[in-house]
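# Observations on chain architecture
Take a look at the letters that make up each chain.
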Amino acid sequence: MSDGFVEQVGQLARRSVVRTARQPANVVFPLVFPLLLLAVNSTGLQSATRLPGFPTDSYLAFALAVPFMQGALFATMNAGTDLARDIQTGFLNRLALTPMRGIALLAGQLGGVMAMTAVQAVVWISAGLILGVHFAAGAGGIAVLLIFSLLIGLGFGALGAFLALRTGSGESVQGMFPVFFVFLFISSMAMPRNLIEIDWFRTAATANPVSYLIEGIRSLIVIGWDAEALALGFGFAALIAVVALTLATVSLRTRLTRS
Amino acid sequence: MADEHGIVASGLVREFKKGPRAVDGIDLVVHPGEIYGFLGPNGAGKSTTVHMLTTLLPPTEGTATVAGYDIVREGPQVRAAIGAALQEAALDPLLTGREHLRLQTTLQGIPRSERARRGDVLLERVGLSQAADRKVRGYSGGMKRRLDLALALVHSPRILFLDEPTTGLDPQSRSALWQEVGRLAQDDGVTVFLTTQYLEEADVLANRVGIIDHGKIVAEGTPAQLKAEVGRPTVEVVPVDPEDKERAAGILARFGEPCAAIQGVAVRLRTGEADLAEIVRALDSENLKVENLQLHQPSLDDVFLAKTGRSLEGAGEEDQEPELALEPA
């Protein structure tokens, strides 16, 4: 990897971070909204912990995994809409006229998304610690949790980039937000899958990869080192990242039709 | 074959899947150091041509070389030799002018030690030093265009493409940009390919003009040549006393053929504007008092009218250029 390429990625990642930081709504909302939902759910659903088989006596600890996924969804939207705006304004054409390698654009954009994801993850973890959540996997688990968050951010950011490159429209990217939210809701977000009584819901949650991402995160917080949950979580996160990156790379090649 | 270091296009065509031939067989030659004005209404095919010549859009047919490099087979070499400020200044409203230059110099591979200095020089040159650390969203249209131009120049390109660089600018900003473009061509020897829908811009700035309509070049030459092609200048005389109109017409008839006039009487000059002094002397010797005397030179609009049967003003309103699609037909 040449110095030039690294510098290109660095500058593009810097731009991604700077423009996110300069849009307060893109920083504050993805931090505040998940925390509010966490506060509401953890107080309102605390009684669910009395169900036989519930893995912890703290619903806050159980639900702390959810903000990580909500943050990933916001990362998808932000990465997608930023890139779509570059397409719509012609900024992508400006970049295409430089010797920049297409993959540097994608790497830079995703670098910025992952930086934002890291900030979010630190906020969720800090919020959990402040509110008394005991991380069952300890300090090592927190480190793994951070890495896991970055992998999820990479995959979802690439998904947003793919949508932007495919449609070229910020509105189309934002239009996918409710769809992603449905995936989040039809998952083990609010209840362990084995305790979901409605058959179709349990089946849908079992088929939904988001469940395994949440369960991977949750295992580090409430269970400890659960090899199966981590393998499934990391496996699906890696799969999403690989598929989304491939799609985004192909779409970028099509979008940058320079000869 | 023209000079390989300018721009040479031969039979350039671009078709879109669900649209007409946006560019329909363009042949053109732009010499090094020349400012070539590509004049036409909205939707004529100007931007599509620029996108092809800058390698952003592959041609459906035809060939072109830019700076001696083939636009299809040698895209990276073409891009290294050119700078481009495309239609609508493509800037990030959240970045400052200086941050734009930092990004652009990095992506253009300017050595790290030179980047800041190069950026400062260009900001100074386009008059944005004071505003360099302000976010672009607070810039006026003229400032955005000037920053766009600075960004196009960071790697000292030999050829500069400017796609409607002054559209929407106030007269002062327009004039400042013209000055800078003129300086680039004259002092730095940069070849400039400039698209415009403004007659005045092509007239003032371009050494040669190509007039494009419906994807085809309908006329090409220096502004003076093009105007001379469509006709000679006319002179209109408005006598102080309207009763003298007939007498004035008699005097003017010595210098050309009568033609339509708005207020007074007019003739199309037989030998050109050199007759103007003779006309003044003839009117004076006949003691005919004149309220107004005007020489009308043919304009590029007259050229466009003669070649297409339409006036350039508003000609593009009925047929907008198709949005640049990705898939060739």
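Keep in mind it's a predicted model, so treat the numbers as computed, not measured. (Residues numbered from 1 in each chain as written. Chains lettered and ligands numbered in written order. Predicted model: local features only at pLDDT ≥ 70, side-chain atom pairs only at ≥ 80, totals over all residues.)

All right, on to the packing of helix α11 (residues 209–223) of chain A against helix α12 (residues 227–255) of chain A then. Residue and element names in this part refer to chain A. Orientation of α11 relative to α12, taken along the N-to-C sense of each, is 130°, at an axis distance of 8 Å. Considering their axes alone, α11 and α12 lie oblique with respect to each other. You can see that α11 and α12 cross each other, and the crossing is left-handed. Residues P209, Y212, L213, E215, G216, I217 and S219 of α11 lie in contact with α12, whose contacting residues are A229, L230, L232, G233, F234, F236, A237 and I240. Of the residues contributing to the contact of α11 with α12, the split by class is 11 nonpolar, three polar and one charged. (Axes fitted to C-alpha atoms, helices over the stretch in contact; angles between N-to-C directions. Helix = DSSP H or I, 4+ residues; strand = E, 2+ residues; numbered from the N terminus. Parallel < 35°, antiparallel > 145°, perpendicular 65-115°, else oblique. Left-handed = near helix turned anticlockwise from the far one by under 90°. Contact = placed C-beta atoms within 7 Å. Nonpolar A, V, L, I, M, F, W, Y, C, P; charged D, E, K, R; others polar.)

Below, the discussion takes up unusual backbone geometry. Leaving glycine aside, a negative phi is the common case for residues, and trans is the common case for peptide bonds. Residue and element names in this part refer to chain B. In this structure, A67 is a non-glycine residue whose phi angle is positive, near 55°. Following the sequence through the fold, A67 ends up in the loop between β4 (61–66) and β5 (69–70). Although it is not a glycine, H214 adopts a positive phi angle of roughly 50°. For H214, the location among the structural elements is in the loop between β9 (208–213) and β10 (216–221).

Contact residues are listed per partner, giving 24 residues for chain A and 24 residues for chain B. Of all elements in the fold, only α1 (3–21) and α5 (91–96) of chain A reach the threshold of two or more residues within the side of chain A that touches chain B. With seven residues, the single largest contributor to the side of chain A that touches chain B is α1 of chain A. In terms of residue class, the side of chain A that touches chain B is built from seven nonpolar, 11 polar and six charged.

It is worth spelling out the domain arrangement of chain B at this point. For chain B, the assigned domains are domain 1 (32–51 + 69–221) and domain 2 (231–302). Centre-to-centre, using C-alpha coordinates, domain 1 of chain B lies 43 Å away from domain 2 of chain B. (Domains from an automatic or database assignment.)

Here the focus is the sheet that holds strand β6 (residues 82–85) of chain B. Residues and elements named next belong to chain B. Overall, mixed pairing links the six strands, which are arranged β6-β7-β8-β3-β9-β10 in an open sheet. Edge positions in the sheet fall to β6 and β10, since each has one partner strand and no second. Here the strands of the sheet are splayed against their neighbours by 15° on average, with no regard to which way each runs. Note: strand β3 (residues 35–39) against strand β8 (residues 191–196), five bridges, orientation parallel. Note on β8: the bridge partner recorded for F38 is T195. Here helix α5 (residues 141–152) sits on the sheet in contact with β6 and β7 (159–163), set at roughly 165° to β6. (Pairing = 2+ DSSP bridges.)

Turning to the packing of α1 of chain A against helix α3 (residues 97–107) of chain B, a few remarks are in order. The angle between the axes and the distance between the axes are what describe a pair of packed helices. Axis separation between α1 of chain A and α3 of chain B bottoms out at 9 Å; the angle between their running directions is 155°. By the criterion of interaxial angle, the relationship of α1 of chain A to α3 of chain B is roughly antiparallel. Along this stretch, α1 of chain A crosses α3 of chain B, giving a crossing that reads as left-handed. The residues of α3 of chain B that touch α1 of chain A, namely those facing E7, Q8, Q11 and R15 of chain A, are L103, T106 and L107 of chain B.

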